[in-house]
Amino acid sequence: MGKLAELTFWTATISGGLRLATPLIFASLGETIAQRAGVLNIGLEGYMIIGALTSLYVTVESGIAVGLLAGALSGAVLALLMVWLCVRLNANQVVVGFGLTILGVGLTGYIFRLTTPLGAERRQVNILGEIHIPGLSDIPFLGEAFLSNSWMTWLAFGLVPIVWWVAQRTVFGLEVRAVGEDPDAAFARGVDVIRVRSLATLLSGLLGGLGGAAITTALVGVFEPAITAGRGFIALIVIIMVRWSAWGVAVGSFAFGLADALGANLRNIVSDSVPTEALQMIPFFVALVILIIGARRARMPKSLGFNYVPDR
Amino acid sequence: MNGDTSPDIAFEAHGVSRSFGATRALDTVDFDLRSGEIHALVGENGAGKTTLAKIVAGALRPDSGTLRLFGETYTPRRRSDGSAAGVAHVRQQLSLVRGLTVAQNIELGRPRALGDSGWRPWPRPFNARAARAEVERLAAELDLAVPADELVDGLPLAVRQQAEILISLAWGARLLILDEPSSALGPLETDALISLCLRLRDEGTPIIYISHRLPELARLADRLTVLRQGHVVTAGRDVHDADLRRIAELMIGDISLLDVERPALEPGEVRLDADGLHLAAEHGPGLRDVSLRVRAGEIVGVVGVAGNGQDELAGVLTGQMRPDAGTVCVDDIDVTGSPAAAIGAGVALLPEDRTAGLAADFSLAENLIARRVADSEFARLGVRLRKAVQRHARALAGRFDVRPPEPALRAGSLSGGNQQKLMAAREMERNPAVLVAAGPTKGLDPHAGRAIRDRCFEAAGRGGAVVIISADLDEVAELAQRVVVLSGGRVTDRFGVEEMTSARLGAVMAGLAWDPAGETGHPETGSGVPE
């Protein structure tokens, strides 16, 4: 237990938390936009895992930049199904969402088996290294814990203010909020509800796919079946916890990432008397309490989960 | 510009027809709007007023016929084309988006320049400060108290309506269509609306004003066109020369609207006795020491500007809200704060919001047995007797003239008037001891309104105590024998309906003391009609 007092433990945990938060941030940012527009993508897990597989396979062939792009686009392709079935044909969002999750997990597992020699369990690429920022990354503790990240993590956190700006300070953001709150009135105002919802859903697919790509290509360097391990659902929880706020997504994702990292690192040092699951739970509770108390102002989009049917 | 159109015609429709399936909503209709006039469009529900309005706004395309706007051929393909051409359509169902402020709503869906598809590679920033300044500038110009930065959710209906008109003007409206704008407003709010319309007209914005409240049109409109079943019955008649009774006859064809025959009703013993009701409400004034006693065969009208305790009174009288103090007794049975006891004692409610009184996705038949699902008449061993339910529905729908009387039909698919009749059928199937009806004929065409009015008379005629809660003075004047004025949650005046004058009502509803100078009337205490 003495290791808990050591600075290196916390440095490793925090930088690990940031790393593990990265895919969550991408996925939740996209999903925040979609949910603000009233579309609930329960299939986020599906977008992520298809992005995870595609990006790794493409990276092997064409390098990481193309690989990440392909991962994002593959998520958007799955989201296109969501757009077609739910936004256009008014199918039930929850049913289709679970269908897309099952489809994504099943399809990627199948492709993986088809393309992997018998006996092999995983596909590998080299993961991204940390960027060393001269001066800053060398600051004791702070620099090592917070400022030594791969550029994928920097990109994720960099997207946060951009998404916030789009949602709060642009006309598209107004339209997104309007169609998520009151699609009938928005339509009457002259907003193309179907178009805005379609775009928002596709954004969720793009960023969900990128989130999946972040896992395989940037963080782990490996694909194996079910690698996303429910992170799509965690992202959905993050969004609800932080109440559809882009800044909240950063905080909430970091809290979950930290919990993940803490659980993993604690496992190595505590005696067997404490069940590791119990240790993993503590930070979750802390994160929950802080966030529930912290972000009260925003409210749930009124039409979240309800399809828009013009002129009933 | 085209030479054969006189320049002072703002809008012109020629030979316009439009069908929905087999229904011909408009049949070769001619209509013209002069610049600088308010042109009233009147007619029953389903006469084609809203269809015509939608065509002018660009939301519907006519099957045939031609349109001209400000002298030029006008062929809008969608609503946004209409807005871009300067036509604003303010509907009954206001279209401000909840969850956003007025200033944000001004930017949402703002018409683009012609030929601009709206596509941008990057999101366009929303300039909150400019939007706020625009709202404030226009509000000052029009002398309206429209707050720029408040969420529209919390604004009163009248203010939301003003905000919508304001936004239309900000969007460059040169022609306004107001569809039933006064149907949910109190008298003072209606006055404000009328003066706003007159001001806009005088500043050069012509208005198409849709309503079936003739007295109001007489105060406001220059000309008037009557539609009946998709045809123009009277085109562009000068309002000041027109005989309103004659117009009313033209509107509905056969029955007379303005002279209601009031059946002779003899009040019997007290059936509803509400005493000393107090209720603190989250919004609005709640109830403050309200007492109301209604006898068998008596119809009492509760008037007042919306939001002065009406909803609370309806809630408390039907047991759905528990007052902080006071009691509600029906036939000497205490039903205070208990919906079950109230229903058991025979209290029926026609809520103002029809969606609250009907299950829209259930069938007519299911709605009609909603109070009696477990009756042995309709269910055996928990299994519904479909035939009996259908028979019951058909009989009841026939008796209350619900059209079409088709038991399997979705209740939500009925027109507003027929929904109201359906609700009345369920509530009044068995003679209610007490009937609380909130705005029972609101938004109905004269035909349906008359049917509902007759049901209220019938309920009283069979010994029920009837309470009409309404902001519509005409409705109350037609139905009630006694009038109670609710203002700021208090009863501020009581009198017999024959003493109801607009001066007296205007004063007391605004919360002022009634000074009967020069008028016959009873100051302060009302007319001495017992509670």
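Preceding this paragraph is the structure being described.
Residues numbered from 1 in each chain as written. Chains lettered and ligands numbered in written order. Predicted model: local features only at pLDDT ≥ 70, side-chain atom pairs only at ≥ 80, totals over all residues. Heavy atoms only, no water.

Visitor: I'd like a description of unusual backbone geometry, backed by residues and values.
Guide: The phi angle at Asn90 of chain A is positive, at roughly 60 degrees, despite the residue not being glycine. Relative to the elements of secondary structure, Asn90 of chain A occurs in the loop between helix H3 (64-88) and helix H4 (93-115). One non-glycine residue, Asp289 of chain B, lies in the positive phi region at around 50 degrees. On the secondary structure map, Asp289 of chain B appears in strand E12 (residues 287-295). Look at Asp289 of chain B and you get partly exposed, because its relative accessible area is 47%. (Helix = DSSP H or I, 4+ residues; strand = E, 2+ residues; numbered from the N terminus. Buried < 20%, exposed > 50% of the residue type's maximum accessible area, 1.4 Å probe, protein only.)

Visitor: Describe the packing of helix H2 (residues 44-62) of chain A against H3 of chain A, with residues and values.
Guide: Residues and elements named next belong to chain A. The geometry of H2 relative to H3 is characterised by a closest axis approach of 7 Å and an angle of 150 degrees between their N-to-C directions. With respect to each other, H2 and H3 are oriented roughly antiparallel. Relative to H3, the crossing made by H2 is right-handed. Facing H2, whose interface residues are Gly46, Tyr47, Ile50, Gly51, Thr54, Ser55, Val58, Thr59 and Ser62, H3 presents Ile64, Val66, Gly67, Leu68, Ala70, Gly71, Ser74, Gly75, Leu78, Ala79 and Met82. Residues belonging to the contact of H2 with H3 are distributed by class as follows: 10 nonpolar, 10 polar and no charged. (Axes fitted to C-alpha atoms, helices over the stretch in contact; angles between N-to-C directions. Parallel < 35°, antiparallel > 145°, perpendicular 65-115°, else oblique. Left-handed = near helix turned anticlockwise from the far one by under 90°. Contact = heavy atoms within 4.5 Å. Nonpolar A, V, L, I, M, F, W, Y, C, P; charged D, E, K, R; others polar.)

Visitor: Explain the environment of Glu45 of chain A to me, and be specific about the residues and the numbers.
Guide: Residues and elements named next belong to chain A. Within the element layout of this structure, Glu45 appears in helix H2. The exposure class assigned to Glu45 is buried, which follows from its relative accessible area of 5%. Setting aside its immediate chain neighbours within four residues, Glu45 contacts Thr101, Thr228, Ala229, Gly230, Arg231, Gly232 and Phe233. A polar atom in the side chain of Glu45 sits 2.9 Å from the backbone nitrogen of Gly230. (Polar contact = N/O pair within 3.5 Å; in protein donor to acceptor, adjacent residues only side chain to side chain.)

Visitor: Which residues make up the interface of chain A and chain B, and what values do they have?
Guide: In this assembly, 20 residues from chain A lie in contact with 21 residues from chain B. Between the two partners, chain A and chain B, sit three salt bridges. Applying the counting criterion to the chain A and chain B interface returns five residue pairs in polar contact (both at pLDDT 80 or more). Residue assignment for the side of chain A that touches chain B shows that the elements contributing at least two residues are helix H6 (151-169), helix H7 (171-181) and helix H8 (183-189) of chain A. Top element by residues in the side of chain A that touches chain B is H7 of chain A. It accounts for seven residues. Taken together, the residues that form the side of chain A that touches chain B break down as 10 nonpolar, two polar and eight charged. (Salt bridge = Lys/Arg side-chain N within 4 Å of Asp/Glu carboxyl O.)

Visitor: Which residues make up the environment of Ser338 of chain B, and what values do they have?
Guide: Residue and element names in this part refer to chain B. Its location among the elements puts Ser338 in the loop between strand E15 (333-334) and helix H10 (339-344). Relative accessible area serves as the criterion here: at 23%, Ser338 is assigned to the partly exposed category. Sequence spacing of Ser338 and Val328 is 10 residues, and the spatial spacing of their C-alpha atoms is 9.9 Å. At 3.0 Å, the side chain of Ser338 forms a polar contact with the backbone nitrogen of Ala341.

Visitor: Could you give me a rundown of the sheet that holds strand E13 (residues 299-303) of chain B, with the residues and numbers involved?
Guide: By definition, the strands of a sheet pair up through backbone hydrogen bonds, in either a parallel or an antiparallel sense. All names here are of chain B. With mixed pairing, six strands are arranged side by side in an open sheet as E16-E19-E20-E13-E21-E22. Sheet topology places strand E16 (347-350) and strand E22 (490-496) at the edges, where each strand pairs with a single neighbour. Strand-to-strand twist in this sheet, taken as the mean axis angle between neighbours without regard to direction, amounts to 20 degrees. The pairing of strand E19 (residues 434-438) with strand E20 (residues 465-470) spans five bridges and is parallel. In the sheet register, Val436 faces E20, and the bridge partner there is Val467. The strands that helix H14 (residues 416-428) touches are E16 and E19; relative to E16, the one it contacts most, it runs at about 175 degrees. (Pairing = 2+ DSSP bridges.)

Visitor: Requested: an account of the pairing of E13 of chain B, with residues and values cited.
Guide: All names here are of chain B. When you tally the buried positions in E13, you get five out of five residues, the bulk of the element. Here E13 shows two buried faces, one formed by Ile299, Gly301 and Val303 and the other by Val300 and Val302. Note: E13 against E20, five bridges, orientation parallel. Note on E20: the bridge partner recorded for Val302 is Ile469.

Visitor: Account for the sheet that holds strand E10 (residues 231-238) of chain B, naming residues and giving values.
Guide: Residue and element names in this part refer to chain B. Reading across the sheet, the six strands line up as E6-E7-E8-E3-E9-E10 and stay open at both edges, with mixed pairing between neighbours. Each edge of the open sheet is held by one strand with a lone partner, namely strand E6 (87-90) and E10. Going across the sheet, the axis of each strand differs from the next one's by a mean of 15 degrees, ignoring polarity. In the sheet, strand E3 (residues 38-42) pairs with strand E9 (residues 223-228) via four bridges, with the strands oriented parallel. Directly across from His39, in E9, lies its bridge partner Arg223. Along the sheet, helix H1 (residues 49-57) makes contact with E3, E6, strand E7 (175-179), strand E8 (207-210) and E9, crossing E6 at roughly 145 degrees. Along the sheet, helix H5 (residues 157-170) makes contact with E6 and E7, crossing E6 at roughly 170 degrees.

Visitor: Can you lay out the pairing of E10 of chain B for me, pointing to particular residues and giving the numbers?
Guide: Residue and element names in this part refer to chain B. By the bridge criterion, five bridges tie E9 to E10 in an arrangement that is antiparallel. Bridge assignment links Leu227 to a residue of E10, and that residue is Val232. Hairpin connection of E9 to E10: two residues between the antiparallel strands, including Gln229 at a positive phi of 45 degrees.

Visitor: Now, about H6 of chain A: what can you tell me, with residues and values included?
Guide: All names here are of chain A. Relative to the 27 Å expected for 19 residues at 1.5 Å per residue, H6 spans 27 Å between its end C-alpha atoms, a close match to the ideal helical length. Residues Met152, Thr153, Ala156, Leu159, Val160, Val163 and Val166 constitute the buried set of H6. Here the buried face of H6 lies against helix H1 (7-36), H3, H7, helix H9 (193-220) and helix H11 (246-269). (Expected span 1.5 Å × (residues − 1).)

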